[in-house]
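# Structural overview
The primary structure of each chain is shown beneath.
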Amino acid sequence: MSLIRDLLKESGYSEKATEYYLNRVSVGEIRDPDAHAIYTGPCGDTMEFFLKVEDGVIKDATFQAIGCAGAFSSGSALCNMIRGKTLEEAEKIEEEEIIEYLDGIPLQKVHCACLAKRTLRKTIKDYRKPQ
Ligand code: FES
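If you're wondering where the values come from, they're calculated on a predicted model, not measured in any experiment.

### Observations concerning the sheet that holds strand S1 (residues 35–40)
Read across the open sheet, the three strands follow the order S1-S2-S3; overall the sheet is antiparallel. Two strands lie at the open edges of the sheet, namely S1 and strand S3 (57–66), each paired on one side alone. Here the average twist between neighbouring strands, direction ignored, is 15 degrees. When S1 meets strand S2 (residues 46–54), the two strands line up antiparallel, connected through six bridges. Bridging across to S2, isoleucine 38 finds its partner in glutamate 48. Sheet contacts for helix H3 (residues 69–82): S2 and S3; angle to S3, the most-contacted strand, approximately 175 degrees. Strands S1 and S2 of the sheet are contacted by helix H6 (residues 110–128), whose axis makes an angle of about 135 degrees with S1.

Shown next as structure tokens:
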């Protein structure tokens, strides 16, 4: 058991959120994405989402971030949640659902789930803009 793992659990990260963060689930870039956008939250942390979209359905999703464990675990969760969903379904996901999917992150980290949500919404919005 690593000290970081212990610390994350003591801080209120669930087993799932801890694993996602430590294993960097869905972190990375998609080459030649159909959509990608970057967003910086009020805390100063930044996230970038990459999507592959076919007929309005998200086929793949990954992200990169400069941020905390809350941002990384939320980004991982959101990527898992949106694969196979339509853009309309994906953009309706709220931070509470991300946190529920993760089985919990510290209360003071709710805004980190919000960063993931807002980055995804910006990515979808940009995708819809006429090129
Ligand atoms: Fe900025 Fe977590 S503290 S996203």
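That shown, we press on.
### Observations regarding helix H2 (residues 15–23)
Listed in full, the buried residues belonging to H2 are Ala17, Thr18, Tyr20 and Tyr21. Here the buried residues of H2 occupy an arc of 165 degrees about the axis, which is enough to place them on one side. On its buried face, H2 is in contact with helix H1 (3–11), H3 and helix H5 (95–102). A positive phi of about 50 degrees marks arginine 24, the residue just after H2.

### Comments concerning H5
Among the residues of H5, those classed as buried are Glu95, Ile98, Ile99 and Leu102. Burial along H5 is one-sided: seen end-on, the buried residues are contained in an arc of 95 degrees. Exposed residues pointing more than 90 degrees away from the buried face of H5 are listed as Glu96 and Glu100. Of the surrounding secondary structure, the elements contacted by the buried residues of H5 are H2, H3 and H6. Positive phi shows up at aspartate 103, right after H5, with a value of about 65 degrees.

### A closer look at the packing of aromatic side chains
Using the criterion set out here, one finds three aromatic pairs in the structure. Considering the side-chain rings of phenylalanine 63 and phenylalanine 72, the 5.9 Å spacing of their centres and the 50 degrees angle between planes classify their relative orientation as tilted. No difference in accessibility class separates phenylalanine 63 from phenylalanine 72, as the two residues are buried. Within the aromatic cluster, the residues linked to one another by ring pairs are Tyr21, Phe49, Phe63 and Phe72. Above the ring of tyrosine 101, the side-chain terminus of lysine 16 is found at 3.9 Å from the ring centroid. Of note, arginine 24 hangs over the ring of phenylalanine 72, and the distance from its end group to the ring centre comes to 4.4 Å.

Quick notes on the rules
Residues numbered from 1 in each chain as written. Predicted model: local features only at pLDDT ≥ 70, side-chain atom pairs only at ≥ 80, totals over all residues. Heavy atoms only, no water. Pairing = 2+ DSSP bridges. Helix = DSSP H or I, 4+ residues; strand = E, 2+ residues; numbered from the N terminus. Axes fitted to C-alpha atoms, helices over the stretch in contact; angles between N-to-C directions. Contact = heavy atoms within 4.5 Å. Buried < 20%, exposed > 50% of the residue type's maximum accessible area, 1.4 Å probe, protein only. Arc of directions from axis to C-beta. Phe/Tyr/Trp six-rings, centres within 6.5 Å; stacked < 30°, edge-to-face > 60°. Lys NZ or Arg CZ within 6 Å of the ring centre and 35° of its normal.

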